[in-house]
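One-letter residues, chain by chain:
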Amino acid sequence: KAGVTQTPRYLIKTRGQQVTLSCSPISGHRSVSWYQQTPGQGLQFLFEYFSETQRNKGNFPGRFSGRQFSNSRSEMNVSTLELGDSALYLCASSLLASGVSYNEQFFGPGTRLTVL
Amino acid sequence: AQSVSQHNHHVILSEAASLELGCNYSYGGTVNLFWYVQYPGQHLQLLLKYFSGDPLVKGIKGFEAEFIKSKFSFNLRKPSVQWSDTAEYFCAVNPWNQGGKLIFGQGTELSVKP
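Residues numbered from 1 in each chain as written. Chains lettered and ligands numbered in written order. Predicted model: local features only at pLDDT ≥ 70, side-chain atom pairs only at ≥ 80, totals over all residues. Heavy atoms only, no water.

### Brief notes about the sheet that holds strand E1 (residues 5–7) of chain A
All names here are of chain A.
Here comes step 1: Spatial strand order, E1-E3-E8-E7: 4 strands in an open sheet with antiparallel pairing. A strand with exactly one partner marks an edge of an open sheet, and here the two such strands are E1 and strand E7 (64–68). Ignoring which end each strand starts from, the neighbouring axes of this sheet average 20 degrees apart.
Here comes step 2: Both E7 and strand E8 (residues 74–78) contribute to a ladder of 5 bridges, which runs antiparallel. Each residue of the ladder has a partner; that of Arg67, found in E8, is Glu75. (Pairing = 2+ DSSP bridges. Helix = DSSP H or I, 4+ residues; strand = E, 2+ residues; numbered from the N terminus. Axes fitted to C-alpha atoms, helices over the stretch in contact; angles between N-to-C directions.)

### Overview of the state of the cysteines
Here comes step 1: Summed over all chains, the structure comprises 2 disulfides over all chains.
Here comes step 2: Here A:Cys23 connects covalently by a disulfide to A:Cys91, the sulfurs 1.7 Å from one another. The sign of the -55 degrees torsion about the S-S bond sets the A:Cys23-A:Cys91 disulfide as left-handed. Of the two residues, A:Cys23 sits in strand E3 (residues 19–24) while A:Cys91 sits in strand E9 (residues 87–94), which places them 68 residues apart along the sequence. Neither residue differs from the other here; A:Cys23 and A:Cys91 are each classed as buried.
Here comes step 3: With its sulfur 1.9 Å from that of its partner, B:Cys23 forms a disulfide with B:Cys91. Sign of the S-S torsion, about -65 degrees for the bond between B:Cys23 and B:Cys91, identifies this disulfide as left-handed. Highlighted residues: B:Cys23 in strand E4 (residues 23–26) and B:Cys91 in strand E10 (residues 87–95), separated in sequence by 68 residues. (Disulfide = S-S within 2.5 Å. Buried < 20%, exposed > 50% of the residue type's maximum accessible area, 1.4 Å probe, protein only.)

### Thoughts on the nonpolar core
Here comes step 1: Among the nonpolar cores identified, the biggest contains 30 residues, and B:Trp35, B:Leu48, B:Phe74, B:Leu76 and B:Tyr89 are the most heavily contacted of them.
Here comes step 2: Look past the residues within four positions of B:Tyr89 in its chain and what remains in contact with it is B:Gln6, B:Leu21, B:Trp35, B:Tyr36, B:Val37, B:Leu47, B:Phe63, B:Leu76, B:Gly107, B:Thr108 and B:Leu110.
Here comes step 3: Core analysis: the next-biggest nonpolar cluster, separate from the first, contains 21 residues, A:Trp34, A:Met76, A:Cys91 and A:Leu113 among them. (Core = buried A, V, L, I, M, F, W, Y, C linked by side-chain atoms within 4.5 Å. Contact = heavy atoms within 4.5 Å.)

### Comments concerning the interface of chain B and chain A
Here comes step 1: Every contact between the two is made by 19 residues of chain B and, on the other side, 20 residues of chain A.
Here comes step 2: Taken together, the two surfaces of chain B and chain A that pack against each other cover about 1,600 Å², and 55% of this comes from carbon and sulfur.
Here comes step 3: For the interface between chain B and chain A, the tally reads 1 salt bridge.
Here comes step 4: The shortest N-O distance in the salt bridge between B:Lys49 and A:Glu104 comes to 2.2 Å.
Here comes step 5: Our enumeration of links across chain B and chain A arrives at 8 residue pairs in polar contact (both at pLDDT 80 or more).
Here comes step 6: For the side of chain B that touches chain A, the elements supplying multiple residues, two or more each, are strand E5 (31–38), strand E6 (45–50) and E10 of chain B.
Here comes step 7: A total of 4 residues in the side of chain B that touches chain A trace back to one element, the largest contributor, which is E5(B).
Here comes step 8: Looking at the side of chain B that touches chain A residue by residue, the class counts come to 9 nonpolar, 8 polar and 2 charged. (Buried area = accessible area lost by both parts, 1.4 Å probe. Salt bridge = Lys/Arg side-chain N within 4 Å of Asp/Glu carboxyl O. Polar contact = N/O pair within 3.5 Å; in protein donor to acceptor, adjacent residues only side chain to side chain. Nonpolar A, V, L, I, M, F, W, Y, C, P; charged D, E, K, R; others polar.)

### Observations regarding the side chain of B:Asn75
Residue and element names in this part refer to chain B.
Here comes step 1: You can see Asn75 is positioned in strand E9 (residues 73–78).
Here comes step 2: The exposure class of Asn75 is buried, given its relative accessible area of 18%.
Here comes step 3: In terms of polar contacts, Asn75 uses its side chain to reach the side chain of Glu20, at 3.3 Å.
Here comes step 4: There is a polar contact of 2.9 Å between the side chain of Asn75 and the backbone nitrogen of Cys23.
Here comes step 5: With near-sequence residues (within four places) excluded, Asn75 lies in contact with Glu20, Leu21, Gly22, Cys23, Trp35, Glu64, Ala65 and Glu66.

### Thoughts on unusual backbone geometry
Here comes step 1: The peptide bond linking A:Thr7 to A:Pro8 adopts the cis configuration, its omega dihedral lying at -10 degrees.
Here comes step 2: Among the structural elements, A:Pro8 can be located in the loop between E1 and strand E2 (10–13).
Here comes step 3: One non-glycine residue, B:Ala16, adopts positive backbone phi at about 80 degrees.
Here comes step 4: By relative accessible area, B:Ala16 is classed as exposed at 53%.
Here comes step 5: One non-glycine residue, B:Phe72, adopts positive backbone phi at about 50 degrees.
Here comes step 6: Using a relative accessible area of 36% as the deciding quantity, one classes B:Phe72 as partly exposed.

Right under this line is the structure:
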């Protein structure tokens, strides 16, 4: 079974631009979560999507948004990029069944975003 | 605020030494607990997890962890480390009523000398 895939793997943008990152979960997984990893702040939760609905959200400004499609693929968007948005963005997928609130998450390789 | 604290930022051991990495969390309710590992150049992988039941859980590659509810701790142990265990280790907590949200500790970098 293929793992979680993220595209692109590397991205360089300039301040003020916007960026869209993509995540394809493991086949059959319906939950997708996004995390930001930086040397200073570590791994921080951005948001989670399940059945095309945002189920949970972390403490990030509104410039960070996401969505999920009917095939469970997810995208996250960052608008008006700032230097501090430079980070590794990780996507994780989880198999959730009806009545199950949580299951383990499988992480992708991440997208390395550099903002100049 | 909910948080996860890992006591050691960098641990250096010789092969065959025993390992214990500390993890404490601040959350008063029910939690699911995890240890993830990130080997150099690779992505995060699940080492072990605790959802309920026996507080001593065994994971892959000889790792185990013990959940002590009264101490809000979930320490990771391995009796004898190998050079291939060199990696960064992350403790993570999922509060039961917060969907898929994982709260991570800052990570512990483990270097094992051959």
